[in-house]
Amino acid sequence: MVSRFLQVVLANRALSIGAIGLAVGFLVGAGLIGLPPPFMLVLLIAFGLVTWAVYRWRTRALPVRPGPAPMRTVLSSAGIAALLVFAAAQAVPYGRAHANPPVTAEPDWANAETRALMVRACFDCHSNEVEWPWYSNIAPFSWAVTKHVDDGRSKVNYSEWDRPQRDADESFEEVENGSMPPGYYTLGGLHADARLTDEEMSTLLAGLQATPGLSD
Ligand code: HEC
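Small disclaimer: the values here were computed from a predicted structure and weren't measured.

### As for the coordination of the iron atom of the ligand
No. 1: On the protein side, the iron atom of the ligand has H126 (NE2) and M180 (SD) as donor atoms, found 2.0 to 2.2 Å from it.
No. 2: Each of the six donor atoms around the iron atom of the ligand contributes to a set of angles spanning 86 to 177°, which defines the coordination as octahedral. Highlighted residues: H126 in helix α6 (residues 123-126) and M180 in the loop between α8 (171-176) and α9 (198-210), separated in sequence by 54 residues.

In C-alpha cells, the structure reads:
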C-alpha cells in the first residue's frame, strides 16, 4: 500500500517535487521557527491548493494532455502560490498584538546575576518584558512568536509572581536537563544572548536553586 503510493509519487515529477516541498515545509516550520503543527498544516494545505489553482488557471487554454505535467509551469505556479499565500497570511489578525502587561511582582531572586541570566535566556517567553523581534510583525513568524509567548506565559510568568505560577518549581529542572530555552530559540545564531557559557549555566542553576519557588 505504502510502496504503491510511493511508486505513484516517484513516477510523477510534479508530485515528487510537491512531496519534497511538503517535507521541507514541515522541517522549516517545525525546526527553524517552532511553528506549531496546526499552523503549519493550514499553511501547507493552502499552499498546495493555491499552487493547483494557479497551475490550472495558467494551463486553462491548453488541451488536457496525458502524462506528467510540464515541470516549469508547476514550479513557477508554486512560486506564485507561495507569494499569494504569504500575502494572504499577513491579513490574519492572530499574532499582531504585542502586549506587555504591567509587571506586578517578581520572584525573590537569589541575586542580581540570576535575574540577569533569566532575562537573557527566558524573559522573551516567560515575562511581561518580551522584546518583540522585527520578524514578529511578519506572518507566519508572528504566529510562532505569539504562540511561544502565550504558551510560555501560561506555564510560568516571572513578571506576575503575585499570582500562583503552577510550573515555576520546574524552572531548575527544565534548565538543567536542557529543555529550556527551546532549541529553536537559539538555532542558527538567533538570540545569541540566550546561549549561556558553562560558567553562566552553573551560576544560573545555583541561582535558581537559591531562589524560592524555582526548584522542587
Ligand atoms: C522561545 C520561548 C521560550 C523561552 C526563551 C523559554 N521558554 Fe520555557 N516554555 C516555553 C513554552 C512554549 C513552554 C510550554 C510548552 C513546553 O512545555 O514546551 C515552556 C514551558 C516552560 C516551563 C514549564 C514546564 C513545561 O515543560 O511545561 C518552565 C518551568 C519553563 N518553560 C522555564 C523556562 C526557563 C527557566 C527558561 C530560560 C532558561 C525558558 N523557559 C525559556 C517557551 C520558552
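Next comes the rest of the description.
### Here's the deal with the layout of surface pockets
Any space left empty among the atoms is revealed by the rolling of a water-sized probe across them.
No. 1: By volume, the largest pocket is sized at about 610 Å³.
No. 2: Taken together, 23 residues make up the lining of the largest pocket; nearest its centre are A14, L15, G18, G48 and T51.
No. 3: Residue assignment for the lining of the largest pocket shows that the elements contributing at least two residues are α1 (2-11), α2 (13-32), α3 (37-58) and α4 (71-89).
No. 4: Element by element, the count of residues in the lining of the largest pocket is highest for α3, at nine residues.
No. 5: Here the lining of the largest pocket is built from residues that sort into 17 nonpolar, five polar and one charged.

### Here's the deal with the site of the ligand
No. 1: For the ligand, the set of nearby residues contains 21 residues, the closest of which are C122, C125, H126, E170 and M180.
No. 2: The side chain of H126 places a nitrogen or oxygen atom 2.7 Å from a nitrogen atom of the ligand.
No. 3: Separating an oxygen atom of the ligand from a side-chain N or O atom of K155 is a distance of 3.4 Å.
No. 4: No other element matches the four residues that helix α7 (residues 141-155) contributes to the shell around the ligand.
No. 5: Within the shell around the ligand, the residues separate by chemical class into 12 nonpolar, four polar and five charged.

### Observations concerning the environment of S142
No. 1: Residue placement: S142 occurs in helix α7.
No. 2: Overall, S142 belongs to the buried group, its relative accessible area being 4%.
No. 3: For the pair S142 and Y94, spaced 48 residues apart in the sequence, the C-alpha separation amounts to 8.1 Å.
No. 4: Each residue touching S142, except ones within four places of it in the same chain, is listed here: G95, Y135, S136 and N137.

### Digging into the domain arrangement of the chain
When the parts of a complex come together, some accessible area is lost, and that lost area is often taken as the interface size.
No. 1: On domain assignment, one finds that the chain holds domain 1 (2-89) and domain 2 (112-210).
No. 2: With 10 residues of domain 1 in contact, the opposing surface of domain 2 contributes 10 residues.
No. 3: Taken together, the two surfaces of domain 1 and domain 2 that pack against each other cover about 930 Å², and 82% of this comes from carbon and sulfur.
No. 4: Here domain 1 and domain 2 share zero salt bridges between them.
No. 5: In this structure, the connection of domain 1 to domain 2 is made through one residue pair in polar contact (both at pLDDT 80 or more).
No. 6: For the side of domain 1 that touches domain 2, the secondary-structure elements that each account for two or more residues are α2, α3 and α4.
No. 7: A breakdown of the residues in the side of domain 1 that touches domain 2 according to their chemical character gives eight nonpolar, two polar and no charged.

The rules behind the values
- Residues numbered from 1 in each chain as written.
- Predicted model: local features only at pLDDT ≥ 70, side-chain atom pairs only at ≥ 80, totals over all residues.
- Heavy atoms only, no water.
- Donors = N, O, S within 2.8 Å, 3.2 Å for Na, K, Ca; no water.
- Tetrahedral: all angles 85-135°; square planar, octahedral: opposite > 155°, others 65-115°.
- Helix = DSSP H or I, 4+ residues; strand = E, 2+ residues; numbered from the N terminus.
- 1 Å grid on protein atoms, 1.4 Å probe; cavity = no way out; pocket = protein on both sides within 12 Å on 5 of 7 lines; lining within 4 Å.
- Points joined across faces, edges and corners; volume = space filled by probe spheres on them.
- Nonpolar A, V, L, I, M, F, W, Y, C, P; charged D, E, K, R; others polar.
- Near = heavy atom within 4 Å.
- Polar contact = N/O pair within 3.5 Å; in protein donor to acceptor, adjacent residues only side chain to side chain.
- Buried < 20%, exposed > 50% of the residue type's maximum accessible area, 1.4 Å probe, protein only.
- Contact = heavy atoms within 4.5 Å.
- Domains from an automatic or database assignment.
- Buried area = accessible area lost by both parts, 1.4 Å probe.
- Salt bridge = Lys/Arg side-chain N within 4 Å of Asp/Glu carboxyl O.

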